[in-house]
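Structural features, examined
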Amino acid sequence: MLDNLNKYRIVLASNSPRRRELLSGLGISYEVRVLPDVEESYPAALPVGEIAEYIAREKAEAYKSVMTDDELLITADTVVVCKGEVMGKPVDEADARRMLHKLSGCTHQVTTGVCLTTTGAHRSFSVTTNVSFKNLSDEEIDYYVANYHPMDKAGAYGIQEWIGYIGVTGLEGSYFNVMGLPVQRIYKELCAF
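Figured I'd write up the structure that's included with this text. Note that the coordinates shown come from a computational prediction; the quantities given were computed from them, not determined experimentally. (Residues numbered from 1 in each chain as written. Predicted model: local features only at pLDDT ≥ 70, side-chain atom pairs only at ≥ 80, totals over all residues. Heavy atoms only, no water.)

Some words on helix 2 (residues 51-63)
The end-to-end C-alpha distance of helix 2 is 19 Å, a good match for the 18 Å that 13 residues give at a rise of 1.5 Å each. All of the buried residues in helix 2 are I51, A52, E53, I55, A56, K59, A60 and Y63. (Helix = DSSP H or I, 4+ residues; strand = E, 2+ residues; numbered from the N terminus. Expected span 1.5 Å × (residues − 1). Buried < 20%, exposed > 50% of the residue type's maximum accessible area, 1.4 Å probe, protein only.)

Quick look at the structure:
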């Protein structure tokens, strides 16, 4: 179905096992390539809804000098925003607990920015999903932090893990976007590439 991509080798620029799983679900062949120390900062004045897409474009820019003409690069970044605070990955377990306490009993936004890049063109977009959590107890938060891996996830949680099973009370938008890759939108954009 994505015959228009036959001239490209698809490259996913991500260490995330969730992104690899989700991209594999589209049934396309790809390879993973990760450059060390790719910058993930953004201007302080940037509106929160534009941060993830900005970082995805910056990641793509870092790869431009090592891309070949037959490659199509996919870069992505996910941010969680709750009560105006942008939450990336927690720096330690205490930060993970702080983030989960803030998300407890609230609806927050998860935005994933994606950039599709070749040596001659690029297309970027972002997808936002609203996620609502029940009030989480200290015991539930401590259990999750001790038994799962919140350190590599924006907002300190994976919706596909135990905390998502017991804590998420509502979802408006793409579930897969919350996991880290809005695959339906990527499929649509790849079809039009």
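There is more to say after this.
Topic: the side chain of D95
If you trace the backbone, D95 turns up in helix 3 (residues 93-103). Given a relative accessible area of 13%, D95 falls into the buried group. Here the side chain of D95 touches V91 through a polar contact of 3.1 Å, landing on its backbone nitrogen. Apart from residues no more than four positions distant in its own chain, D95 is found in contact with K89 and P90. (Polar contact = N/O pair within 3.5 Å; in protein donor to acceptor, adjacent residues only side chain to side chain. Contact = heavy atoms within 4.5 Å.)

Some words on the state of the cysteines
This model, assessed by the stated rule, comprises 0 disulfides. Lacking any disulfide linkage, C82 is separated from the closest cysteine sulfur, that of C106, by 4.6 Å. C115 forms no disulfide, and the closest cysteine sulfur to it belongs to C191, at a distance of 18 Å. Residue C115 is classed as buried on the basis of its relative accessible area, which comes to 2%. (Disulfide = S-S within 2.5 Å.)

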